[in-house]
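Below, each chain spelled out in residue letters.
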Amino acid sequence: MQEEGLEKREILELLDKKLEKDFSYDSGSILGSMCTEPLDLAKEIYLKYISKNLGDPGLFLGTAELEEELVLEIGDLFGNNNIIGAFTTGGSEANLIAMRIARNLRPDIKKPEIVVPASAHLSFDKAADFLNLKLRKAKLLENYQVDLDHFESLINKNTCAIVGVAGTTSLGLVDPIEKIGKLIEGKDIFFHIDAAFGGFVLPFLKRLGYKVPSWDFSVNTVDSITADPHKMGLGVIPSGGYFIKDASILQRTGFEIPYLAGGSFKHFHIVGTRPGGPIIAFWVILKYLGINGFKEIVKKCMENTEYLVQRISEIQGVKIATNPVLNIVGITTENGDSVCELEQALRKNLWMLGKFNDLNLIRIVVMPHVKRQHLSRFADDLEKIVKKLKL
Ligand code: 0PR
């Protein structure tokens, strides 16, 4: 650190240089991210309220009330307007919090276990590690759907939670939530849904007339849901969220912090200091877009997804892994060859994609920043590269 402070102009120049390596959403290069450029209004509001700290809600009563209001509004969207919940740094934290609740609701289990589909996000591996849970993974069938028989066989007297995914990380698939729920009917096992990605797509897809399987609180065995504003909610990073059906769980498993300036309160959070800005920004996004605004955004993403699927179907040597349910497309080779070389070649052409080695696929997330012309250029490049690699 230098002795004297620099001029703002000098600092900005330095920053521009340092950050010029970053990719930007509007370049079209970012095809494999679940984040996107937040709405301009959300950015403006976030900056305005950047100092709000929900770690001490007694000092920011208005913000705390707004968070509660937002949770109820989201509950309404997810089939139950009588829930509790809060916003987090992202889906990983929300999933970790849900798994902690599930574990603590069952103090009678000495060696607690959770059952997740093999397609579940890495955050469950992390949660199992942090919380000392045994993680049991149900394998996938050929069509990438979870094998329900295997799932059922993994449930036993030590199971404190099971997980269903509504929008898998690799392919955007929705697990058969109703059928999974049936496996634990009448049992004291917590049922968590990871809709970090799908949470702010599925309700709008349904309203657009797409066939959407039941995945939310309308399935009566579902206890909690993760859904992230900073993915398809177009919110500001960091913002994830968890939503819980039974409000009494807060009293039973929440932490109490007794010494705060604003007074004591109960909460589930890992962090103490908690940003209010992204939450206020998300409240504004819901007000600004309304159901119809979200429907329009989701419709465009799905139309672009369908365009991409069509273009890939015209390229010999590659194919889509499975028909997309959400705005996520998996690309694999027709002859079963590894996608590694293909992914590397695409990366050299500055297409930044996801790659899933276990499923041998490249993932494209058709986020709102991904435009038709980007996909068209991508498909042209893909065709050339596939020819060159003789796939
Ligand atoms: N659950 C699901 C289903 C997810 O796909 C993710 C993240 C999480 C939970 C965890 O969310 P946080 O990352 O907010 O903790 N899925 C993205 C992925 O793995 C995360 C991501 C986002 C990766 C942007 C890259 C990127 O550029 O693809």
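Everything numeric here is computed off the predicted structure, so don't read it as measured data.

Quick look at the domain arrangement of the protein chain now. One can read the domain layout of the protein chain as domain 1 (8-38 + 291-389) and domain 2 (40-287). Of note, the centres of domain 1 and domain 2, computed from C-alpha atoms alone, are 27 Å apart. Between domain 1 and domain 2, the contact holds 29 residues from the first and 34 residues from the second. Between domain 1 and domain 2, the buried area comes to about 2,900 Å², and carbon and sulfur atoms account for 77% of it. When the buried area of domain 1 at its contact with domain 2 is split by residue, Pro 38, Phe 294 and Leu 326 rank highest and sum to 26% of it. Here domain 1 is connected to domain 2 by one salt bridge. The salt bridge partner of Glu 37 is Lys 43, with a shortest N-O separation of 2.6 Å. Linking domain 1 with domain 2 are three residue pairs in polar contact (both at pLDDT 80 or more).

What follows concerns the site of the ligand. Around the ligand there are 16 residues in total, and Ser 92, Thr 169, Asp 194, Lys 231 and Arg 363 lie nearest to it. One nitrogen or oxygen atom from the side chain of Ser 33 is found 3.0 Å from an oxygen atom belonging to the ligand. Ser 92 is positioned such that a nitrogen or oxygen atom in its side chain is 2.6 Å from an oxygen atom of the ligand. Contact with the protein chains covers 75% of the free accessible surface of the ligand, which is 590 Å². Counting residues per element, the shell around the ligand draws most heavily on helix 4 (residues 91-104), at three residues. Its residues assigned to classes, the shell around the ligand shows three nonpolar, nine polar and four charged.

Applying the stated criterion across every chain yields a total of one cavity of 30 Å³ or more. If you add up the space inside the largest cavity, you get close to 60 Å³. Residue lining of the largest cavity: Phe 87, Thr 88, Thr 89, Pro 238, Ser 239, Val 271, Arg 274, Pro 275, Pro 278 and Ile 279, and that is the complete set. Elements that contribute at least two residues to the lining of the largest cavity include exactly strand 1 (84-88) and helix 10 (277-313). A breakdown of the residues in the lining of the largest cavity according to their chemical character gives six nonpolar, three polar and one charged.

By the secondary structure assignment, Thr 36 is in the loop between helix 1 (8-19) and helix 2 (40-48). Looking at Thr 36, the relative accessible area reads 5%, which means it is buried. Separated by 2.7 Å, the side chains of Thr 36 and His 369 make a polar contact.

Turning our eyes to something else, we now look at the pattern of salt bridges. Think of it this way: side chains of opposite charge can pair up when their charged atoms draw near. Overall, the coordinates contain 15 salt bridges when judged by the stated rule. When the shortest N-O distance is used, the salt bridge between Lys 299 and Glu 303 registers 3.3 Å. With a gap of four residues between them, Lys 299 and Glu 303 both fall in helix 10, about one helical turn apart. Among the residues examined, Lys 299 registers a relative accessible area of 40% and is labelled partly exposed. With a relative accessible area of 32%, Glu 303 lands in the partly exposed category. Each of the salt bridges in this network shares a partner with another, and the network as a whole consists of Glu 37, Asp 40 and Lys 43.

Quick look at the packing of helix 11 (residues 340-348) against helix 12 (residues 372-389) now. Across the interface, helix 11 lies against helix 12 with an axial gap of 10 Å and an inter-helix angle of 130°. In this view, helix 11 runs oblique relative to helix 12, as classed from their interaxial angle. As helix 11 packs across helix 12, the resulting crossing turns out to be right-handed. Of the residues in helix 12, those in contact with Glu 341, Leu 342, Ala 345 and Leu 346 of helix 11 are Phe 378, Leu 382, Ile 385, Val 386 and Leu 389.

Cut-offs applied
- Residue indices begin from 1 for each chain and proceed along its sequence in written order.
- Residues qualify for local features only when their pLDDT is at least 70, as the model is predicted, and side-chain atom pairs are given and counted only at 80 or more; totals for whole chains, interfaces and linings, by contrast, use all residues.
- As a rule here, side-chain values come from all non-hydrogen atoms in the structure, and water together with hydrogens is ignored.
- Where a domain begins and ends is set by an automatic assignment or by a domain database.
- Contact criterion: two residues are considered in contact whenever any of their non-hydrogen atoms come within 4.5 Å of each other.
- Two parts placed together each lose some accessible area; with a 1.4 Å probe, that loss summed over both constitutes the buried area.
- Criterion for a salt bridge: a side-chain nitrogen of Lys or Arg within 4 Å of a carboxyl oxygen of Asp or Glu.
- Counted as a polar contact is a pair of N or O atoms within 3.5 Å, where, for protein atoms, one must be capable of donating a hydrogen and the other of accepting one, and residues adjacent in sequence contribute only when both atoms are in side chains.
- What makes a residue near a molecule or strand is one non-hydrogen atom of that residue sitting within 4 Å of it.
- Areas reported as accessible are Shrake-Rupley estimates using a 1.4 Å probe. Residue values count occlusion only from the protein chains shown.
- What counts as a helix is a DSSP run of H or I of at least four residues, what counts as a strand is a run of E of at least two, and both are numbered from the N terminus.
- Each residue gets one of three labels, nonpolar for Ala, Val, Leu, Ile, Met, Phe, Trp, Tyr, Cys and Pro, charged for Asp, Glu, Lys and Arg, and polar for the others, Gly among them.
- Here the term cavity refers to a set of points on a 1 Å grid, laid over the protein atoms alone, in which a 1.4 Å probe fits but cannot get out; the term pocket refers to an open set having protein on both sides within 12 Å along at least five of seven lines, with lining residues being those that place an atom within 4 Å of a point.
- Grid points are joined across faces, edges and corners, and a volume is the space filled by probe spheres set on the points.
- Buried means the residue's accessible area, taken with a 1.4 Å probe over protein chains only, is under 20% of the maximum for its type, while exposed means over 50%, and partly exposed covers the values in between.
- Axis definition: a line fitted to C-alpha atoms, over the contacting stretch in the case of helices. Angles run 0 to 180 degrees between N-to-C directions.
- These descriptions rest on fixed angle ranges, namely under 35 degrees for roughly parallel, over 145 for roughly antiparallel, 65 to 115 for roughly perpendicular, and the rest for oblique.
- Should the near helix be turned anticlockwise from the far one by less than a right angle, the crossing is termed left-handed; should it be turned clockwise, right-handed.

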